[in-house]
Amino acid sequence: MAAFYQGFDPEAYLKYNYTPPRADFSRSDSIVPWKLNCLHKAFSEDAIKGDILVDVGSGPTLYQVMSGCEHFNRVILSDFLEVNRNELNKWLKDGQSNFDWTPYLKHVCELEGRSSSAWREKAKRLRSVVTDIFPVNVHHLFPFPPGSLPASGADCIVSCFCLESVSPDVSSFTQALHNLSSLLRNGGHLLLIGALGESFYMAAPDVRIPVVPLDEAQVCASLSASGFELLQLSVYRLTADMLVGVDDVKGVFFAKARKL
Ligand code: SAM
């Protein structure tokens, strides 16, 4: 799978998945607002909090930690590709990203009951709590560089659209989930978002990355086989206008689980 990722273009990927119609904040049936709402509810209403929040396979995106950054002292991002780690650094360290995360920050502020004008405070908070952007490989038994986490592990892991898009089959997906659990403390939470029924996605105009097509039952079975207790599974089904020709995804799952 690593070879498929050599042509990954952060700018194209962001345009395909993180602009309208998939990121239309005026619609509650758009994919991105649905994901942000799931994450907001998990962190706010379920009071998931602690010292370290880890995001596995961040790609070039930051939306997935915009709620969680308020509930943890430290946020660690990670990606397999240097181009993606550089893209994250551009926004976090220099503010020089070409991608505008402001509508995302505003939307999450509104979910939190704050005025959308609080987005600058949230951007500042995010920049101050992200302490590291590590290389990661979920096919390794311990996916992070040695010594990068306290021995007890992180308090919570978020991972979005990573495991199914780097695994050739369901058994590899399950093993990757098992490897990911080595980063998490016992009793810690996993918030997993992923694609259902997807066989490929485009990561640049001519870069087609294979994906293992999953259904809800397989996600539940893989979580259980990897030592997680499933607490919640929510599913979003794509409407016709969300199919914009950059993948063949049928749905999106949000799983909240706890490491036993
Ligand atoms: N999390 C982002 C999101 O929600 O849009 C990006 C998901 S993107 C579909 C999959 C990500 O997995 C890419 O950023 C890619 O670099 C990363 N990746 C590729 N191979 C990997 C591996 N072996 N271990 C961990 N991540 C990997």
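Residues numbered from 1 in each chain as written. Predicted model: local features only at pLDDT ≥ 70, side-chain atom pairs only at ≥ 80, totals over all residues. Heavy atoms only, no water.

Where an unreviewed UniProt entry is consulted, the protein appears under the name Phenylethanolamine N-methyltransferase, with the organism given as Hemibagrus wyckioides. The Sequence similarities (unreviewed entry) comment attached to the protein in UniProt states, word for word, "Belongs to the class I-like SAM-binding methyltransferase superfamily. NNMT/PNMT/TEMT family." (UniProt positions renumbered as here; feature names shortened; annotations may be inferred.)

Asks: Talk me through the site of the ligand; I want residue IDs and the actual numbers.
Replies: With respect to spatial proximity, 22 residues lie near the ligand, and among them Tyr13, Tyr18, Gly57, Tyr63 and Asp79 are the closest. Within the backbone of Gly57, one N or O atom sits 2.8 Å away from a nitrogen atom of the ligand. Measuring from an oxygen atom of the ligand, one finds a side-chain N or O atom of Tyr63 at 2.6 Å. The protein chains hide 98% of the 600 Å² of surface that the ligand would expose on its own. Partitioned by chemical class, the residues of the shell around the ligand number 13 nonpolar, eight polar and one charged. (Near = heavy atom within 4 Å. Polar contact = N/O pair within 3.5 Å; in protein donor to acceptor, adjacent residues only side chain to side chain. Areas by Shrake-Rupley, 256 points an atom, 1.4 Å probe, with all protein chains shown as cover. Nonpolar A, V, L, I, M, F, W, Y, C, P; charged D, E, K, R; others polar.)

Asks: Account for the nonpolar core, with residues named and values stated.
Replies: Counting residues in each nonpolar core, the largest one holds 91 residues, and the members touching the most others are Tyr104 and Leu190. Per element, the largest residue contribution to this core is eight residues, and it comes from helix 2 (residues 31-44). Formed by five residues, the second largest nonpolar core is a distinct cluster that contains Ala12, Phe200, Met202 and Val246. (Core = buried A, V, L, I, M, F, W, Y, C linked by side-chain atoms within 4.5 Å. Buried < 20%, exposed > 50% of the residue type's maximum accessible area, 1.4 Å probe, protein only. Helix = DSSP H or I, 4+ residues; strand = E, 2+ residues; numbered from the N terminus.)

Asks: Explain unusual backbone geometry residue by residue, including any values.
Replies: A cis amide bond links Pro20 to the next residue, Pro21, at an omega of 10°. Its location among the elements puts Pro21 in the loop between helix 1 (10-17) and helix 2. Positive phi is not limited to glycine here, since Ala47 has a value of about 50°. Relative to the assigned elements, Ala47 resides in the loop between helix 2 and strand 1 (50-56). With relative accessibility at 47%, the residue Ala47 sits in the partly exposed group. You will see that Phe161, though not glycine, has its phi angle at about 55°, which is positive. Here Phe161 lies in the loop between strand 4 (154-160) and helix 6 (170-181).

Asks: I'd love a proper account of the side chain of Ser58, names of residues and values included.
Replies: Mapped onto the fold, Ser58 is located in the loop between strand 1 and strand 2 (72-79). Assessed through its relative accessible area of 3%, Ser58 is described here as buried. Excluding residues that lie within four positions of it along the chain, Ser58 makes contacts with Gln64, Leu77, Ser78, Asp79 and Leu88. (Contact = heavy atoms within 4.5 Å.)

Asks: Can you break down the packing of helix 2 against helix 4 (residues 102-111) residue by residue, with the values?
Replies: Put simply, helix 2 and helix 4 touch, their axes get as near as 10 Å, and they point 45° apart. By the angle class used here, helix 2 and helix 4 are oblique. Considering only the axes of helix 2 and helix 4, their crossing is right-handed. Residues Val32, Pro33, Leu36, Asn37 and His40 of helix 2 form the contact with helix 4, whose participating residues are Tyr104, His107, Val108 and Leu111. (Axes fitted to C-alpha atoms, helices over the stretch in contact; angles between N-to-C directions. Parallel < 35°, antiparallel > 145°, perpendicular 65-115°, else oblique. Left-handed = near helix turned anticlockwise from the far one by under 90°.)

Asks: So what's going on with helix 3 (residues 82-94)? Residues and values would help.
Replies: Between its terminal C-alpha atoms helix 3 stretches 17 Å, which fits the 18 Å expected from 13 residues at 1.5 Å a residue. Within helix 3, the full set of buried residues consists of Asn84, Arg85, Glu87, Leu88, Trp91 and Leu92. Its buried side turned inward, helix 3 meets helix 1, strand 2, helix 4, helix 5 (119-129) and strand 3 (130-135). (Expected span 1.5 Å × (residues − 1).)

Asks: Residues and numbers for the pairing of strand 4, please.
Replies: Counting buried residues in strand 4 gives seven out of seven residues, a clear majority hidden from the surface. Pairing geometry for strand 1 and strand 4, over four bridges, is parallel. Following the sheet pairing, Val56 is matched in strand 4 by Ser159. Relative to strand 5 (residues 184-196), strand 4 runs parallel, the two being bridged by six bridges. Within strand 5, the position partnered with Cys156 by the bridge is His189. (Pairing = 2+ DSSP bridges.)

Asks: I'd like to hear about the side chain of Asp55, residue by residue, with values.
Replies: Following the sequence through the fold, Asp55 ends up in strand 1. In this structure, Asp55 is buried with no salt-bridge partner, the nearest side chain bearing the opposite charge being Lys35 at 11 Å. Once residues lying within four places of it in the same chain are set aside, the contact partners of Asp55 are Gln64, Val65, Ile76, Leu77, Ser78, Val158 and Ser159. (Lys, Arg positive; Asp, Glu negative; His and termini not counted. Salt bridge = Lys/Arg side-chain N within 4 Å of Asp/Glu carboxyl O.)

Asks: Explain the sheet that holds strand 4 to me, using residue names and the numbers behind them.
Replies: Ordered by their spatial adjacency, seven strands build an open sheet running 3-2-1-4-5-9-8, and the pairing between neighbours is mixed. Strands with a single pairing partner mark the edges of an open sheet, and in this sheet they are strand 3 and strand 8 (228-237). Between one strand axis and the next, the sheet turns by 15° as a mean value, whatever way the strands run. Judged from the nine bridges that link them, strand 8 and strand 9 (residues 251-259) form a sheet pairing that is antiparallel. Bridge pairing links Gln232 to Lys256 in strand 9. Along the sheet, helix 3 makes contact with strand 2 and strand 3, crossing strand 3 at roughly 165°.

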